[in-house]
Amino acid sequence: MRVVVMGPPGAGKGTQSTRLAKAWGVPHVSTGDLLRQAVRQGTNFGRRIEHLLNSGCLISDESMAEILKGRLGRTDCRRGFVLDGYPRTERQAQDLDEMLAGMGASLDWTLLIEVAAEVLVQRLSGRRLCPSCQTIVHVDQLPPGDAERCQNCGTMLVTRADDEESTVRRRLAVYEEQTRPALEHYRRQGKLKVTDGRSTPNQVYERLVSIVQAAHR
Ligand code: AP5
Ligand code: MG
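Caption draft 1: Representation of the pairing of strand β3 (residues 81–84) in the model. The two faces of β3 match: Phe 81 and Leu 83 on one face and Val 82 and Asp 84 on the other face are all buried. Here strand β1 (residues 2–6) runs beside β3; their pairing, made up of four bridges, is parallel. Paired with Val 3 across the bridge in β3 is Val 82. Strand direction decides the pairing type here: strand β2 (residues 28–30) and β3, joined by three bridges, are parallel. The residue of β3 that forms the bridge with Ser 30 is Asp 84.

What follows is the structure, given as structure tokens:
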């Protein structure tokens, strides 16, 4: 299964991609996670992009193509992947088609999760991330009174540097200007499947699974 998950910041791409990848036995490839990892490791590239990442601006298409090509070329992606956070521009959508064609493969579906902007700001202001196992939660899901620890591995949870409200609003604007037009690429190819992301994570997950099952019939 080769699937792209798209949607605005906070739509639930990471939450759903993790579950879908586990169910299908393929890796969850998140370009945001790969970039944050480069920043944490303090690589030259990580130092160069840190301010872009923290301010909600996009990294160049050329750099992203290089990173993704390296990741999709690894053996664990041979049987497929769930790709989250890429493409974000029309150019990246074309680059992905070319990359996959070079591997003798093609994309099955692009799943778009739609959620209104007001809900997204509320979701992101309460998001916490486990820096160790990448588990994503909302503070409302944590047991009351406890320190903010990952329920999966016990590590202290962190807040993402780009989840401050003004940065979230910039990320939403960048999505509307640069990423939403790229959806047309998949609409033209007949590969775009849209779902409403406002219900519970379980309900959204069930819908995404049914969409893909129906598409394969
Ligand atoms: P990236 O990490 O991809 O961030 P994003 O697209 O802004 O999306 P988020 O990760 O914020 O949200 P999400 O949709 O994954 O939601 P989540 O599941 O966490 O990219 C970050 C930055 O990296 C970019 O700004 C850019 O600088 C750079 N970058 C990355 N890829 C790039 C590329 N290809 N080109 C150039 N630059 C790139 O959920 C959010 C919250 O909501 C959580 O608290 C969760 O618990 C909660 N939640 C989830 N689902 C539900 C639900 N159904 N109901 C209620 N709450 C829910
Ligand atoms: Mg994410």
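Next comes the rest of the description.
Caption draft 2: Seen up close, the nonpolar core. Counting residues in each nonpolar core, the largest one holds 27 residues, and the members touching the most others are Leu 68, Leu 72, Phe 81, Leu 83, Tyr 86 and Leu 96. At the level of secondary structure, the elements contributing two or more residues to this core comprise β1, α2 (31–41), α3 (44–55), α4 (61–72), β3, α5 (90–102) and α8 (183–189). Once you skip the residues sitting within four places of it in the chain, Phe 81 turns out to touch Met 1, Arg 2, Val 3, Val 26, Pro 27, Val 29, Leu 72, Leu 100 and Leu 107. One finds Ala 21, Val 168, Leu 172 and Val 212 within the second-largest nonpolar core, a separate group that totals 22 residues.

Caption draft 3: Molecular detail of the side chain of His 185. Note on placement: His 185 falls in helix α8. Judged by relative accessible area, which is 8%, His 185 ranks as buried. Of note is the side chain of His 185, whose polar atom sits 2.8 Å from the side chain of Asp 97. One polar contact links His 185 to Gln 189, side chain to side chain, over a distance of 3.3 Å. Ignoring any residue separated from it by four or fewer positions in sequence, one finds His 185 in contact with Glu 90, Ala 93, Gln 94 and Asp 97.

Caption draft 4: Broad picture of the site of ligand 1. Close contacts around ligand 1 come from 35 residues, with Thr 15, Cys 57, Arg 88, Arg 127 and Arg 171 the closest. Cys 57 is positioned with one of its backbone polar atoms (N or O) 2.6 Å from an oxygen atom of ligand 1. Protein contact buries 94% of the 1,100 Å² of open area that ligand 1 shows by itself. Mapped by element, the contributors of at least two residues to the shell around ligand 1 are α1 (13–24), α2, α6 (117–125) and β6 (136–138). Per-element accounting of the shell around ligand 1 gives the leading share, four residues, to α2. Across the shell around ligand 1, the residue classes tally to 14 nonpolar, 13 polar and eight charged.

Caption draft 5: Region of the structure containing the packing of α1 against helix α9 (residues 201–216). Running from N to C, α1 and α9 cross one another at 50°; their axes reach a closest spacing of 10 Å. Between α1 and α9, the angle falls in the class oblique. Remark: the crossing between α1 and α9 carries right-handed chirality. On α9, the residues that touch Thr 15, Gln 16, Arg 19, Leu 20, Ala 23 and Trp 24 of α1 are Pro 201, Asn 202, Val 204, Tyr 205, Leu 208, Val 209 and Val 212. When the residues that make up the contact of α1 with α9 are grouped by side-chain class, the tally is nine nonpolar, three polar and one charged.

Caption draft 6: Quick look at unusual backbone geometry. Between Tyr 86 and the following residue, Pro 87, the backbone shows a cis peptide bond with an omega angle of 0°. Examined against the element boundaries, Pro 87 turns out to sit in the loop between β3 and α5. Despite not being glycine, Gln 134 shows a phi value in the positive range, around 70°. Of the residues examined, Gln 134 reaches a relative accessible area of 25% and is grouped as partly exposed.

Caption draft 7: View of the environment of Ile 136. In this fold, Ile 136 is placed in strand β6. Those residues within four positions of Ile 136 in sequence are excluded, and the remaining contacts are Gly 14, Thr 15, Arg 127, Arg 128 and Leu 129.

Caption draft 8: The arrangement of the environment of Glu 62 in detail. Mapped onto the elements of the fold, Glu 62 is located in helix α4. When the C-alpha positions of Glu 62 and Arg 91 are compared, they lie 9.4 Å apart, and in sequence the two are 29 residues distant.

Caption draft 9: Just α4, in detail. Spanning 12 residues, α4 covers 16 Å between terminal C-alpha atoms, matching the ideal 16 Å at 1.5 Å per step. Those residues of α4 that sit buried are Asp 61, Ser 63, Met 64, Ala 65, Leu 68, Arg 71 and Leu 72. On its buried side, α4 packs onto β2, α2, α3, β3 and α5.

What counts and how
Residues numbered from 1 in each chain as written. Chains lettered and ligands numbered in written order. Predicted model: local features only at pLDDT ≥ 70, side-chain atom pairs only at ≥ 80, totals over all residues. Heavy atoms only, no water. Buried < 20%, exposed > 50% of the residue type's maximum accessible area, 1.4 Å probe, protein only. Helix = DSSP H or I, 4+ residues; strand = E, 2+ residues; numbered from the N terminus. Pairing = 2+ DSSP bridges. Core = buried A, V, L, I, M, F, W, Y, C linked by side-chain atoms within 4.5 Å. Contact = heavy atoms within 4.5 Å. Polar contact = N/O pair within 3.5 Å; in protein donor to acceptor, adjacent residues only side chain to side chain. Near = heavy atom within 4 Å. Areas by Shrake-Rupley, 256 points an atom, 1.4 Å probe, with all protein chains shown as cover. Nonpolar A, V, L, I, M, F, W, Y, C, P; charged D, E, K, R; others polar. Axes fitted to C-alpha atoms, helices over the stretch in contact; angles between N-to-C directions. Parallel < 35°, antiparallel > 145°, perpendicular 65-115°, else oblique. Left-handed = near helix turned anticlockwise from the far one by under 90°. Expected span 1.5 Å × (residues − 1).

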